[in-house]
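A closer look at the structure
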Amino acid sequence: MFDVPTVYVFRGITQELDPGFTMQPAGDLGIALTSGEGGLKSSAVNFGVWHSLQTGSTGSDGPSELHYEEDFYATLGLGFAKSISLGTTFTAYTRPERRIQHGQELSFKVSQASRFNPYGTLAFELSGQADGGGSEGTYLELGAGPAFPLKANGPTLTIPIKFGFSLSDYYESGGEDHKIRLLRHRRSDRNPVHRSVPSNYGTWNVHGGVDFLALGDTTKALNDDSSSKVVGLIGIGVSY
């Protein structure tokens, strides 16, 4: 996958106040472990890496290098009846230009594949702080992603919405923990590419969308005192 957002925003926290050109390539390797007809329908592990390459104020145009962030993760995914799944993920956030590990996180995501695709994510900071505060925090995200096929084997319109909460010390400001700091709404489109790419080259798609973020006190302060933000994105993906 290769995404190009207008600005890099992580859980409501802008990473570049003066963005230039941002590229976010990523790769994921999935290995199926089991499948069956009992209570546990399937299990799999995924290993992945995600990058943010930036030419803005926190990238090559500022004190840092182009390669702003590199994250590694491993996920154990379990599938249950009624299309319910549980993913347990360990993520290491790194800053390559500083040759340091920025933080570690353990998260749990419960989701259901259905008309509205509801999910919930609970994340625990094991080291480092996303808000730059003094304590490792706990983050909760609740959301849904209704999808509407526009035509058979054609584009799909999704209108996901998510709410971000600080359960403990995730959005700190002035020594105080602010609980509800992020509302995110995206209108996005995913268009599969069928005819122009032979099947032996994988399944390709072109995707894009617009995020509308409503920010709370702490994330507002971390976004140049702006209470809202609009982020556009376009990208391409391939799977085998």
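You'll find the structure just up there.
Quick look at the structure, then. (Residues numbered from 1 in each chain as written. Predicted model: local features only at pLDDT ≥ 70, side-chain atom pairs only at ≥ 80, totals over all residues. Heavy atoms only, no water.)

1. Regarding the packing of aromatic side chains
Tallied over the full model, the rule gives seven aromatic pairs. With a centroid separation of 6.2 Å and an interplanar angle of 80°, the aromatic rings of Tyr-8 and Tyr-68 are classed as edge-to-face. A residue pair is termed long-range when its members are at least 10 positions apart, and Tyr-8 in the loop between β1 (2–5) and β2 (9–10) and Tyr-68 in strand β6 (residues 67–80) qualify at 60 residues. Taken individually, Tyr-8 and Tyr-68 each receive the classification buried, so the pair is uniform in this respect. Following the ring pairs from residue to residue traces out a cluster consisting of Tyr-8, Trp-50 and Tyr-68. Here the guanidinium or amino end of Lys-109 rests over the ring plane of Tyr-119, the centre of that ring lying 4.9 Å away. (Phe/Tyr/Trp six-rings, centres within 6.5 Å; stacked < 30°, edge-to-face > 60°. Helix = DSSP H or I, 4+ residues; strand = E, 2+ residues; numbered from the N terminus. Buried < 20%, exposed > 50% of the residue type's maximum accessible area, 1.4 Å probe, protein only. Lys NZ or Arg CZ within 6 Å of the ring centre and 35° of its normal.)

2. Side note on the environment of Tyr-73
Considering the arrangement of structural elements, one finds Tyr-73 in strand β6. Residues Tyr-73 and Trp-50 lie 23 residues apart in sequence; the distance between their C-alpha atoms is 8.5 Å. Dropping the residues within four chain positions of it, Tyr-73 is found in contact with Gly-27, Asp-28, Asn-46, Phe-47, Gly-48, Val-49, Thr-89, Phe-90 and Thr-91. Of note is the side chain of Tyr-73, whose polar atom sits 2.4 Å from the side chain of Asp-28. (Contact = heavy atoms within 4.5 Å. Polar contact = N/O pair within 3.5 Å; in protein donor to acceptor, adjacent residues only side chain to side chain.)

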